[in-house]
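Coordinate inspection notes
In case you want the letters, here they are:
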Amino acid sequence: MSTVRLFFALWPSPPLAASLAGWAEQARLACGGRVMRTETLHLTLAFLGPVDAQLADTLACATPEHRLTPGEVALDHYGVFNRQRILWAGPGNTPAGLQAAHDGLWQWLAGFGLAAPPQPFRPHITLLRNIEHAQPPQGTPAPLSWRYDRMVLVASESLTGGSRYRVIAQSRPRDP
């Protein structure tokens, strides 16, 4: 039985991704580590991990019908996941709309036999891996505003030196 490693995410526009890449370069000066490639930056809504290839196909077909309520998130905070040695950018507090999008997505996924993880949702964009210093940099760049209206389903393939992401489906915006 073949499996595909999947996650649902918000994917930034190229200008927003470029701004986040600037945040990463600034943080690397203070923390060391490996900067994530600009084209891979994203905010994970639901990490599914390895799923059966048939379920992956089913989710790819169903994703355009799962409409995301448009929202906005202010990226105004650096954070660190110490155990994983990751520096991330995200909101200081999870916006209610983004939490609702996460919760609604997992409720929808339950219909496919998938269960939400037990840990709370912590929206973030991984900027650096293998950081050398576990403290985020002093000061945060000017906040970035991210308006979102759709999500993507992404297949992740592990490669030497990182991962390759391939968007396999995208939800449609909710009608106004």
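The chain is annotated in an unreviewed UniProt entry as RNA 2',3'-cyclic phosphodiesterase from Achromobacter pestifer. The Function (unreviewed entry) field of the UniProt record for the chain holds the comment "Hydrolyzes RNA 2',3'-cyclic phosphodiester to an RNA 2'-phosphomonoester."

1. Observations concerning the sheet that holds strand β5 (residues 77-81)
Ordered in space as β2-β7-β6-β5, the four strands form an open sheet in which the pairing is antiparallel. A strand with exactly one partner marks an edge of an open sheet, and here the two such strands are β2 (34-35) and β5. Helix-sheet contacts for helix α1 (residues 14-31) involve β2, β5, β6 (86-90) and β7 (125-129), and the interaxial angle to β7 is about 35 degrees.

2. What about the UniProt feature "active site" (unreviewed entry) in the chain?
This chain's UniProt record puts "active site" (unreviewed entry) on H42 and H124. In three dimensions, the annotated residues from a span of 83 residues occupy one location, with a maximal C-alpha spread of 8.2 Å. Lining residues of the largest pocket drawn from the annotated set just named are H42 and H124. For H42, the location among the structural elements is in the loop between β2 and β3 (43-52). Take H42: its relative accessible area is 12%, and that puts it in the buried class. A distance of 2.7 Å separates a polar side-chain atom of H42 from the backbone oxygen of T40. Within the secondary structure, H124 sits in the loop between α3 (96-110) and β7.

3. Points about helix α2 (residues 53-62)
Taken together, the buried positions of α2 are L55, A56, L59 and A62. Around the axis of α2, the buried residues are gathered within 130 degrees of arc, so they sit on the same side. For α2, the exposed residues set more than 90 degrees away from the buried face come down to Q54, D57 and C61. The elements touched by buried residues of α2 are β1 (3-10), β3, α3 and β9 (152-159). The N-terminus of α2 is capped by D52, whose side-chain oxygen sits 2.9 Å from the backbone nitrogen of Q54.

4. Section: the packing of aromatic side chains
Evaluation of the coordinates by the stated rule reveals six aromatic pairs. Considering the side-chain rings of F7 and Y165, the 5.2 Å spacing of their centres and the 80 degrees angle between planes classify their relative orientation as edge-to-face. With F7 in strand β1 and Y165 in strand β10 (residues 162-170), this pair connects stretches of sequence that are 158 residues apart. The class for F7 is buried, based on a relative accessible area of 3%. For Y165, a relative accessible area of 23% puts it in the partly exposed group. Ring geometry for W11 versus Y165: centroids 6.4 Å apart, planes at 85 degrees, classification edge-to-face. A residue pair is termed long-range when its members are at least 10 positions apart, and W11 in the loop between β1 and α1 and Y165 in strand β10 qualify at 154 residues. In this structure W11 comes out as partly exposed when scored by relative accessible area, which is 27%. Aromatic ring contacts, followed pair by pair, group F7, W11 and Y165 into a single cluster.

Criteria and thresholds
- Residues numbered from 1 in each chain as written.
- Predicted model: local features only at pLDDT ≥ 70, side-chain atom pairs only at ≥ 80, totals over all residues.
- Heavy atoms only, no water.
- UniProt positions renumbered as here; feature names shortened; annotations may be inferred.
- Pairing = 2+ DSSP bridges.
- Helix = DSSP H or I, 4+ residues; strand = E, 2+ residues; numbered from the N terminus.
- Contact = heavy atoms within 4.5 Å.
- Axes fitted to C-alpha atoms, helices over the stretch in contact; angles between N-to-C directions.
- 1 Å grid on protein atoms, 1.4 Å probe; cavity = no way out; pocket = protein on both sides within 12 Å on 5 of 7 lines; lining within 4 Å.
- Buried < 20%, exposed > 50% of the residue type's maximum accessible area, 1.4 Å probe, protein only.
- Polar contact = N/O pair within 3.5 Å; in protein donor to acceptor, adjacent residues only side chain to side chain.
- Arc of directions from axis to C-beta.
- Phe/Tyr/Trp six-rings, centres within 6.5 Å; stacked < 30°, edge-to-face > 60°.

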